[in-house]
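Residue-level structural notes
This is what each chain is made of:
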Amino acid sequence: MELIYLILSPIIISLFFLFHGLNLYRRRRLPPGPLGLPILGNLLDLGAKPHESLAKLSQKHGPLMTIRLGGITAVVASTPEAAREILQRNDVACSGRPVPDAVTTLKHPDTAVLWIPPNETWRAIRKALNLYLINQHKLDSLMQVRENVVEGMLEFLRESAGQEKRAVDIGTMAFGVALNQFANTFFSKNMSGYESREIKGFQTAVEIAMEVQGKFNLADIFPVLKTLDPQKVRVRAKATFDWLDDVIQGFVNERLKHREAKLPRFNDMLDSLLDFSEEDDKVDFNLTHIRTLLGDVTVAGTDTIASSTSWVMAELLLHPDMFMRVRKEVGEIVGEDGKVEEAKLLDLPYLDAVIKETMRLHAGSPLLAPHITETQVKIGNYLLPKNTHIFVNAWSMAHDPKYWDNPMVFMPERFLGSKVDYKGQYFEFIPFGSGRRRCPGMPLAHRMLSLIVASFVYHFDWELPYAAEKMDMSDKYGLTLLKATPLVATPIPAASQ
Ligand code: HEM
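Every chain's residues receive numbers from 1 upward, in the order its sequence appears when written. Per-residue local features are limited, in this predicted model, to residues with pLDDT of at least 70; the limit for side-chain atom pairs, both in listing and counting, is 80 or more; totals at the level of whole chains, interfaces and linings are taken over all residues. Side-chain calculation: all heavy atoms of the structure are included, whereas hydrogens and water are not.

1. What to know about the overall build of the chain
Strands here are runs of E lasting at least two residues and helices are runs of H or I lasting at least four, both read from the DSSP assignment and numbered beginning at the N terminus. In terms of helices and strands, the chain carries 17 helices and 11 strands. Rg of the C-alpha trace for the chain: 25 Å, near the compact-globule value of 23 Å for 497 residues, within the 12% margin. Taken over the C-alpha atoms alone, the chain extends approximately 95 × 60 × 40 Å along its principal axes. Working definition: with a 1.4 Å probe on protein chains only, accessible area under 20% of the residue-type maximum means buried, over 50% means exposed, and in between means partly exposed. Considering the chain as a whole, with its 497 residues, one finds that 54% of them fall into the buried category. A contact between two residues is defined here by any heavy atoms of the two lying within 4.5 Å. When contacts within the chain are restricted to residue pairs at least 6 apart in sequence, long-range pairs at least 24 apart make up 72% of them. Two things to know: the radius of gyration comes from C-alpha atoms, and the globule rule equals 2.2 Å times the number of residues to the power 0.38.

2. Points about the site of the ligand
Working definition: residue near molecule or strand if any one of its non-hydrogen atoms lies within 4 Å of it. With respect to spatial proximity, 24 residues lie near the ligand, and among them Arg 97, Trp 122, Arg 126, His 371 and Cys 439 are the closest. Residues adjacent in sequence count toward polar contacts only when both atoms are side-chain atoms; beyond that, a polar contact is any pair of N or O atoms within 3.5 Å, and within protein one must be able to donate a hydrogen and the other to accept it. One nitrogen or oxygen atom from the side chain of Arg 126 is found 2.8 Å from an oxygen atom belonging to the ligand. For the shell around the ligand, the secondary structure elements donating two or more residues are α4 (120–134) and α12 (287–318). Of the residues forming the shell around the ligand, the biggest block, 5 residues, is contributed by α12. Here the nonpolar group is Ala, Val, Leu, Ile, Met, Phe, Trp, Tyr, Cys and Pro; Asp, Glu, Lys and Arg are the charged ones; every other residue, Gly included, is treated as polar. Partitioning the shell around the ligand into residue classes produces 14 nonpolar, 7 polar and 3 charged.

3. Some remarks on the pattern of salt bridges
What makes a salt bridge here is a side-chain nitrogen of Lys or Arg within 4 Å of a carboxyl oxygen of Asp or Glu, nothing more. Enumeration over the complete set of coordinates arrives at 33 salt bridges. A salt bridge links Arg 255 to Asp 268, with the shortest nitrogen-to-oxygen separation between them at 2.8 Å. Separated by 13 residues along the polypeptide, Arg 255 in helix α10 (residues 233–260) and Asp 268 in the loop between α10 and α11 (269–278) bring together distant segments of the chain. Like Arg 255, the residue Asp 268 is buried in the burial classification. One salt bridge in this structure joins Glu 413 and Arg 325, with 3.8 Å as the shortest N-O distance.

4. Quick look at the coordination of the iron atom of the ligand
Protein coordination of the iron atom of the ligand is limited to a single donor, Cys 439 (SG), which sits 2.3 Å from the metal. Residue position: Cys 439 is located in the loop between α16 (394–398) and α17 (442–459). The donor set covers N, O and S atoms within 2.8 Å of the metal, switching to 3.2 Å for Na, K and Ca, and it leaves out water, so a site may look short of donors.

5. Looking at the side chain of Glu 357
Checked against the element boundaries, Glu 357 lands in helix α15 (residues 349–361). Of the residues examined, Glu 357 reaches a relative accessible area of 0% and is grouped as buried. Setting aside residues up to four positions removed in sequence, Glu 357 forms contacts with Val 409, Phe 410, Met 411, Pro 412, Arg 414 and Phe 415.

6. A short note on unusual backbone geometry
Residues other than glycine seldom take positive phi values, yet Ser 188 does so here, at roughly 55°. Mapped onto the elements of the fold, Ser 188 is located in the loop between α7 (170–187) and α8 (197–214). By relative accessible area, which is 33% here, Ser 188 ends up partly exposed. Positive phi is not limited to glycine here, since Asp 229 has a value of about 50°. Mapped onto the secondary structure, Asp 229 falls in the loop between α9 (218–221) and α10. Overall, Asp 229 belongs to the buried group, its relative accessible area being 4%.

7. Quick look at the sheet that holds strand β11 (residues 488–493)
One open sheet holds the 3 strands; their spatial order is β3-β11-β8, and the pairing between them is antiparallel. Of all strands in the sheet, those bounded by a partner on one side alone are β3 (168–169) and β8 (460–463). Pairing between β3 and β11: 2 bridges, direction antiparallel. When the sheet's bridge partners are listed, Asp 169 is paired in β11 with Val 488. Paired strands, as defined in this entry, are two strands with at least two bridges between them according to DSSP.

8. Regarding α8
A helix's residues, less one, multiplied by 1.5 Å, set its expected span. Taking 1.5 Å of rise per residue, the 18 residues of α8 would be expected to cover 26 Å, and the 26 Å separating its terminal C-alpha atoms lies within 8% of that figure. For α8, the full list of buried residues reads Ile 199, Phe 202, Gln 203, Ala 205, Val 206, Ile 208, Ala 209, Met 210, Val 212, Gln 213 and Gly 214. In this fold, the buried residues of α8 make contact with α7, α10 and α12.

9. Description of the packing of aromatic side chains
Stacked, tilted and edge-to-face are the three classes applied to pairs of Phe, Tyr and Trp rings, where Trp contributes its six-membered ring and a pair requires centres within 6.5 Å; stacked means planes under 30 degrees apart, edge-to-face means over 60, and tilted covers the rest. Tallying each qualifying case throughout the model produces 15 aromatic pairs. Judged by centre distance (5.8 Å) and plane angle (50°), the rings of Trp 404 and Phe 415 are tilted. Remark: Phe 415 occurs in the loop between α16 and α17 and Trp 404 occurs in the loop between α16 and α17; sequence separation between them is 11 residues. Since its relative accessible area comes to 7%, Trp 404 is described here as buried.

10. Observations concerning helix α2 (residues 50–61)
Taking 1.5 Å of rise per residue, 12 residues should cover 16 Å, and α2 covers 16 Å from first to last C-alpha, within 8% of that figure. Contacts made by the buried residues of α2 are with β1 (64–69), β2 (72–77) and α16. Phi turns positive one or two residues past the end of α2, at Gly 62, with a value near 115°.

11. So, the environment of Gly 171
Inspection of the secondary structure puts Gly 171 in helix α7. When its relative accessible area of 6% is taken as the criterion, Gly 171 is described as buried. Here Gly 171 is in contact with Gln 203, Ala 306, Ser 310 and Leu 487, once residues within four sequence places are set aside.

12. Things to note about the sheet that holds strand β4 (residues 371–372)
Spatial strand order, β1-β2-β7-β4: 4 strands in an open sheet with mixed pairing. A strand with exactly one partner marks an edge of an open sheet, and here the two such strands are β1 and β4. In this sheet, strand β7 (residues 389–392) lies alongside β2 in parallel orientation, the contact comprising 4 bridges. Considered in β7, the bridge of Val 76 is made with Phe 391. Angles here are taken between N-to-C directions and fall from 0 to 180 degrees, while the axes themselves are lines fitted to C-alpha atoms, restricted in helices to the stretch in contact. Sheet strands in contact with α2 are β1 and β2, and its direction is about 125° off that of β1. Packing of helix α3 (residues 80–89) onto the sheet brings it into contact with β1, β2, β4 and β7, and relative to β7 it is tilted by some 130°.

13. Some details on the state of the cysteines
For this text, the term disulfide refers to a pair of cysteine sulfurs within 2.5 Å. Taken as a whole and judged by the stated rule, the model has 0 disulfides. Its sulfur unpaired, Cys 94 is 20 Å from the next cysteine sulfur, which belongs to Cys 439. Cys 94 gets classed as buried once you look at its relative accessible area, which sits at 1%. Residue Cys 439 is classed as partly exposed on the basis of its relative accessible area of 30%.

Printed below as a string of structure tokens:
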């Protein structure tokens, strides 16, 4: 026995040094980063607000920093220059996505636009989205739909304000608008009543869908835990994704029967997508792609709008002078019928500045969606191996005093006369990301936010149940940065109406 030890020991020691050396070599080619604990790596460094913890760590370790989360090696980009390297100069190599365990519970994860690699299917889905939802012409032609939906919500608020002074959750109202405009655009349908069980059901489902996709899940970090599902992420994800898929499948089946019976067309997005799937000179785009796409867009485009509206309104209620300035600006373009029209809002500089400043201070998605390298990629002197996870810390850039005066203060004026926009060229301000994985919904989000906020501000005064300065402005980390306490206020029809 001792002889075996004697023979094996030098071999084991040499192997140890060989692996250790290789590891050091590999680390040396990755950017520097904080030392982590054995097994856990830097997991405990993340805390409850990973974007803030990572921003702090990057001050010590640099704009490109390597962290380890269990078995995952990730690189964090924390300055505009580092983000440009990832999302612009090395866009192709860095545009994959690490697929979370939660997403594998989707019935068809290989068609989920947010998570699939930039392959043919992804290109076909992004093309369909652009053709039938978000190109300039389509957005203009759907303007009336959005205005009607907002009018419906204002009616609801006027009615409830007339009967009794009743507070509403501003995020829930905006969620209902976003959901109803998708339901009208996709299926020519309206969801029943604001604050109804139908809309609340969707809101709960979408919130869970966003949460499970954005969570640092132990089962992703330590794959051996997948079957145990310690945080019950997998179970919740499956139940929610199945529910959403069934609802959408129901709408699609109804339409298929309608088309089979040769009844008049609706000419909405679902009709267009079904036509597109029947064309045969293109890559595979079938009923599965349609179902997943409509579900994905519903998830990606409702909670984000609800959350951003809550933040804009919270800031305006905290700053009554700014609220009145927006109202005055909107009042100048409102016609004799007293209606706020989307087309006229798009040129209002102060409203635009308020929305931008809100998205800077309360970044929609603080770490964007995670990226992953599709191939080995060289960035400066560093070499990122294939399958390196990448976090772009949009929050840290939007709060960096090097780029913003008084970065923690809400000052819409900083955007007046400034050419900085959120289309992905100014890397200190990328709430929608940049490059090929940039949010395709940005132009729609911009129009919806402008219309909802302008309508809220122009038509109503809002009474808070507490003194404005007592408002809780803290946030809750997730794929979107939510207000920790929902914004609840009582709408009072404005005196001038
Ligand atoms: C205020 C509203 C919104 C914000 C802040 C937002 C933000 C984002 C961000 C940060 C990403 C990831 C970018 C990256 O990883 O580089 C993204 C992706 C995405 N967003 Fe949005 N979004 C919003 C609204 C919408 C809307 C209205 C739609 C509906 C069309 C939408 C559809 C999508 C889709 C489909 C993706 C995945 C793109 C891909 O991976 O190829 N988003 N969004």
